[in-house]
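Listed below are the residues making up each chain.
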Amino acid sequence: MSSKTLPYSIKDIQYDNAKFRPRSFFQVISHTFLTKRMKRECMACSTGKFLALLMICGLTYVVLTHASPIDSITNGVSGTFGSKEGDNSIMDGGIGKRFWRKPPKLPPRLSPDEVNSHNTSIHGLANPNLESEWIARQESVQRAFIHAWSGYKKYAMGYDELMPLSQRGVNGLGGLGATVVDALDTAMIMKLDDVVFEAGSWIEKHLPERISQKGQVNLFETTIRVVGGLLSAYHLSVVQQEGNPTNKGPKPSVYLENAKNLADVLLTAFTSSPTAIPFSDVVLQDRTAHAAPDGLSSTSEASTLQLEFNYLSFLTGDPKYSFESMKVLEHMKTLPKVEGLVPIYISPSSGEFSGSNIRLGSRGDSYYEYLIKVWLQQRQSNRTYLHDMYEEAMKGVKHLLVRKSKPNGLVFVGELPSGVDGGFSPKMDHLVCFLPGTLALGATKGLTKAKAMEENLLTFEDLENLKLAEDLAKTCYEMYSVTSTGLAPEIAYFNSEGYSEDGLDGGNKTSEYIHDIVIKRADRHNLLRPETVESLFILYRITEDSKYREWGWSIFEAFEKYTKVDSGGYSSLDDVTVLPPRRRDKMETFFLGETLKYLYLLFGDVNDIR
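This is a predicted model, so every value here is computed, not measured.

**Student:** In this structure, what is going on with the packing of aromatic side chains? I would like to understand it.
**Tutor:** What characterises a pair of aromatic rings is the spacing of the ring centres plus the angle enclosed by the ring planes. In total, this model carries 16 aromatic pairs according to the counting rule given. Between tyrosine 493 and tyrosine 499 the ring centres are 6.0 Å apart and the planes differ by 25 degrees, which places this aromatic pair in the stacked class. The two residues tyrosine 493 and tyrosine 499 agree in class, both being buried. One aromatic cluster is present, formed by Trp134, Trp553, Phe556 and Phe603 through successive ring pairs. Residue placement shows arginine 403 over the ring face of phenylalanine 424; its charged tip is 4.1 Å from the ring centre. Taking the ring centre of tyrosine 493 as reference, the NZ or CZ of lysine 520 above it sits at 4.1 Å.

Shown next, in the form of structure tokens:
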């Protein structure tokens, strides 16, 4: 589908509407003058011929000198990205092209349902009762965070993660106190000053020593959870201290200095590699790096470092962090792909993709997510190749991976375990639920849908991607509601063309989609993941449709009912299809750092954290 900007403006609406307006007296006389009988009578005399010739000349003059309505929209998305071959046919406004231009179509508008939903959202903010209800729900999420933090603080302070049933801590991420750092920006957003003070004081006192003395850490996990957490805390603490100089916690420079010191060691993964692809693991105390045991890196891990490292370069003025991390994407740009899709493994030693497994789940997911997010972050740097890679990949997703379930037609994203020449698998990880939010961001560039349409910024492909985003968000929500607990499994399969399996449903017999979704026994665990609620948050902000809030509230209630541990904290589950569910005894850092954060923002004012 063409990526050209929509070829119409408000003038086109006026053009079409003019066909239905009452005609003036002058227009009636003109029309009568041009009827066949009058034309024959007038053309019979020289005066009539002269007047006819004069009219033709006048019309020709108007056509040749009147600016086309298209000229009014030469800016916008196509102007940002640069026109592609063939785009000039509707944008250069040549005389011959204007003269022969087809009557314009009406531009796409919000459907009646969308208009009603938009109005409901806007009016809802003005409705004191409705507003107070969402404030109360947001406060419920805040209390959940306090409960999770209290359990961690009591039993596991300084450890990476809490085991809430065993009431102890565990270091599964290198021993850098990952939960402290990952949860800090959420506490800041929620304005929990006591938690901010406790977490910030721990970072100031203990983290520098751990950065210099701890052993092996994973480059990707440490970057997104610890470096990213520190940079977020720095940003928010600077903003908050501007408005509240007495804000609790250490000076913002503490967070930035620790982020810089940790990133300096992590850079070893890039500089030690013989190619642009970094090694997967770093030993902090030795400042050495090495590949994983099989010699390969996950594609998603190598390509999900750039937001954090770019921002660190921006803050410090030192380009080395951005330079090393962006080399990865610049290199991946040159590698062969399948309609923009890439295998899930890549070799640091050769710099080439390894194997043919293509999926948007584990080891592939955030490659696609960061293409558009890094492009948005770096728009002033003219890195248009990132947007080109993203667009090509999304076309490949729609062509090769998107299917519909049977019998009720849920849209899902499957996998190609053996590549494009192998068979299709109707398997969809919960991790794939990042995609609805990513597609929505890619379509509107962060604007609301109504604003983007008002300014004629959406291409037909953008509208198609936004529709796909909404369809996939519904599927992700139904992966929750189809189970007995109301919580999604780690992996789902979909009954579809060429695949059917009975007796492995989610347990909620009242669900409309009980026969569409298959949940195998090995895939029934829930890790408190954030992908679905992040997409609901983004889609609510972009579409202003309150259903995404309602879906998020339903998910939060299920977390409260089945994962909350009375003594403190929340636990992952072993099986979401049975009641009561078996618990796994682990609270991932991202439950505080992401899941509860996005739920809190979803229920809050749209002006919070834009």
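**Student:** What exactly am I supposed to notice about the packing of helix α17 (residues 320-334) against helix α19 (residues 384-401) here?
**Tutor:** When two helices pack together, their arrangement is captured by the angle between the axes and the distance separating the axes. Contact pair α17 / α19: the axes reach a minimum separation of 11 Å and the direction vectors enclose 55 degrees. It follows from the interaxial angle that α17 and α19 lie oblique. Where α17 crosses over α19, the two elements pack in a sense that is left-handed. Across the interface between the two elements, Met326, Leu329, Glu330, Met332 and Lys333 from α17 touch Tyr385, Leu386 and Met389 from α19. Here the residues of the contact of α17 with α19 are counted per class, giving six nonpolar, no polar and two charged.

**Student:** Explain the sheet that holds strand β6 (residues 297-298) to me, please; I cannot follow it from the model alone.
**Tutor:** In space, the three strands of this open sheet follow the order β6-β7-β8, with antiparallel pairing throughout. Each having just a single partner strand, β6 and β8 (353-354) make up the two edges of the open sheet. Pairing between β6 and strand β7 (residues 345-346): two bridges, direction antiparallel. Note on β7: the bridge partner recorded for serine 298 is tyrosine 345.

Each value, and the rule that gives it
Every chain's residues receive numbers from 1 upward, in the order its sequence appears when written. Totals for whole chains, interfaces and linings use every residue, but because this is a predicted model, local features are given only for residues with pLDDT of at least 70 and side-chain atom pairs only at 80 or more, for both listing and counting. Only hydrogens and water are removed before side-chain values are computed, so all heavy atoms of the structure are retained for them. A pair of Phe, Tyr and Trp rings is counted when the ring centres sit within 6.5 Å of each other, with Trp represented by its six-membered ring. The angle between the planes then sorts it: under 30 degrees is stacked, over 60 is edge-to-face, the rest tilted. Here's how the labels work: a residue is buried when its accessible area is under 20% of the maximum for its type, exposed when over 50%, partly exposed in between, all with a 1.4 Å probe on protein chains only. A ring is considered to have a charge above it if a Lys NZ or an Arg CZ atom is located within 6 Å of its centre and within 35 degrees of its normal. To get an axis, a line is fitted to the C-alpha atoms, and for a helix only the part in contact is used. The angle between two axes follows their N-to-C directions and goes from 0 to 180 degrees. A run of H or I in DSSP becomes a helix once it reaches four residues, and a run of E becomes a strand once it reaches two; helices and strands are each numbered from the N terminus. Here the word oblique covers every angle except those under 35 degrees (roughly parallel), over 145 (roughly antiparallel) and from 65 to 115 (roughly perpendicular). Throughout, a crossing is termed right-handed when the near helix is turned clockwise from the far one, and left-handed when it is turned anticlockwise from it by less than a right angle. Working rule for contacts: check all heavy atoms of both residues, and any pair within 4.5 Å makes them a contact. Polarity classes work like this: nonpolar for Ala, Val, Leu, Ile, Met, Phe, Trp, Tyr, Cys and Pro, charged for Asp, Glu, Lys and Arg, and polar for all others, with Gly in that last group. Only strands that DSSP links by at least two bridges are regarded as paired with each other.

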